[in-house]
Number of protein chains: 2
Amino acid sequence: MTVTDHAPLNGVDTPTLFATVDAVREQPELARFQFRTTTEWLSGTHNRTRIAGFHGAGGEQHRDQEFTVDADHPTVLVGADQAPTPAEHLLQALGACLTSGLANIAAARGISLGAVTARVEGDIDVRGLLGIDDDVRNGFESIRVVFHVAGDAEAEQLRRLVGRAAARSTVLDVVTGGVPVSIDVATS
Amino acid sequence: MTVTDHAPLNGVDTPTLFATVDAVREQPELARFQFRTTTEWLSGTHNRTRIAGFHGAGGEQHRDQEFTVDADHPTVLVGADQAPTPAEHLLQALGACLTSGLANIAAARGISLGAVTARVEGDIDVRGLLGIDDDVRNGFESIRVVFHVAGDAEAEQLRRLVGRAAARSTVLDVVTGGVPVSIDVATS
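Not measured: the values here are computed from a predicted model.

Asks: Where do I start with the nonpolar core in this structure?
Replies: Generally speaking, nonpolar side chains in soluble globular proteins are found buried as a group. With 87 residues, the main nonpolar core has F140(A) and F140(B) as its most contacted residues. Here F140(B) is in contact with F35(A), T170(A), V174(A), V179(A), A87(B), L90(B), L91(B), G122(B), D123(B) and I124(B), once residues within four sequence places are set aside.

So, in structure tokens, the structure goes:
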């Protein structure tokens, strides 16, 4: 399989995607990435995260724009409902990761996509996070993803796109497998 | 500890927060929540998630507004860089969850907060997600959170706020411990 086998498709620059994979395969040090976010407390449960530069592809990467994302709790959980909850942000990160991967994989396989949606549902018993019952976990008990995929391929091929996206998803890996997290505090 | 011990603080309606905890303690069925997000593919790795209603506190909850959150890959990963990556959304969800919890806990303890920030860094080797090396995981290898907390309390008390926020964080629980995820596909 070579770069010239593939034309851009689904808005994916497939030749560049294949060239990137080849470049990283030959220079594994290009594969070291570090992503960063900085959350600033605003008021109550409302906060705002800035997302800009990151490290990767052999150096520090700058973006033309800085992104901001807000989070808050809903009123029934005593927030001001100014933004999605952090728990919803976790779910959207999962849906987004699977969807981005699916589009890349479809392009690599020459499958033209139609409408694609991923609905993500997470069940949680908030007695954990409210500190009412130590036997209830703070996080989601279970998460379900339901994809609707239309595209120029047999149903089985479209299903396999989702399977491959899941097999290569960063966020699904973290959400199902867990990652060590260290937390440090500076005070003033 | 009763509701009347606590006045609103840090933008947190502390009396209502305590009343909510008491209500859920007495009626555990109020604690069943389901959060939902729906991601729509736009083009390439760019997609958009809508976040609106959820189930909780004994019924279906509607919001006055629907939230939308975009995700994309950066150009060095062959995206259009229209929005944060899904991996960065995972990190911001973690920073936001810890920060929201910290503000609630500070209010409950009568500690007035100054500036609070949480920087989150995640290290990842993208050979996993690119399908180059099956021995490399798709997700982050490790995540670090660095809090800066200013407030009207001793440094040790401020550090304990972070510790308690971590001990009750939904997103930290998921990110460190993992959750079962099911994925279904409908095609057309």
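Asks: How do you make sense of helix α3 (residues 155-167) of chain B when you look at a structure like this?
Replies: Count 3.6 residues to each turn of an α-helix, and residues three or four apart come out pointing the same way. Taking 1.5 Å as the rise per residue, α3(B) with 13 residues should run 18 Å; its terminal C-alpha atoms sit 19 Å apart, in good agreement. Those residues of α3(B) lying buried are L158(B), L161(B), V162(B), A165(B) and A166(B). Axial view of α3(B): buried residues confined to an arc of 130°, hence all on one face. Looking at the buried side of α3(B), the elements it contacts are β8 (181-187) of chain A together with α2 (86-108), β6 (113-125), β7 (142-151) and α4 (170-177) of chain B.

Asks: Can you walk me through the environment of G44(A) in this structure?
Replies: Here G44(A) lies in the loop between β1 (32-43) and β2 (46-51). Its relative accessible area of 0% is what places G44(A) among the buried residues. For G44(A) and V78(A), which are 34 residues apart along the polypeptide, the C-alpha to C-alpha distance reads 8.9 Å. With sequence-adjacent residues up to four places away left out, G44(A) is seen in contact with N10(B), G11(B), V12(B) and A103(B).

Asks: Explanation requested: the interface of chain B and chain A in the structure shown.
Replies: A common way to state how big an interface is: give the accessible area lost once the parts meet. The interface is formed by 126 residues belonging to chain B together with 126 residues belonging to chain A. Interface area for chain B against chain A, summed over the two sides, is near 11,100 Å², with a carbon-plus-sulfur share of 60%. Its largest share of buried area at the contact with chain A, chain B owes to F35(B), W41(B) and R168(B), together 7% of the area lost on that side. Taken together, the connections running from chain B to chain A amount to 12 salt bridges. Close ionic contact of D81(B) with R63(A) constitutes a salt bridge, the shortest N to O distance being 2.9 Å. If you look at where chain B meets chain A, you find 64 residue pairs in polar contact (both at pLDDT 80 or more). The greatest single-element share of the side of chain B that touches chain A, amounting to 17 residues, is contributed by α2(B). Classifying every residue of the side of chain B that touches chain A by side-chain character gives 63 nonpolar, 42 polar and 21 charged.

The rules behind each value
- Residues numbered from 1 in each chain as written.
- Chains lettered and ligands numbered in written order.
- Predicted model: local features only at pLDDT ≥ 70, side-chain atom pairs only at ≥ 80, totals over all residues.
- Heavy atoms only, no water.
- Core = buried A, V, L, I, M, F, W, Y, C linked by side-chain atoms within 4.5 Å.
- Buried < 20%, exposed > 50% of the residue type's maximum accessible area, 1.4 Å probe, protein only.
- Contact = heavy atoms within 4.5 Å.
- Helix = DSSP H or I, 4+ residues; strand = E, 2+ residues; numbered from the N terminus.
- Expected span 1.5 Å × (residues − 1).
- Arc of directions from axis to C-beta.
- Buried area = accessible area lost by both parts, 1.4 Å probe.
- Salt bridge = Lys/Arg side-chain N within 4 Å of Asp/Glu carboxyl O.
- Polar contact = N/O pair within 3.5 Å; in protein donor to acceptor, adjacent residues only side chain to side chain.
- Nonpolar A, V, L, I, M, F, W, Y, C, P; charged D, E, K, R; others polar.

Take it as geometry only, folks, not as evidence of what the structure does.
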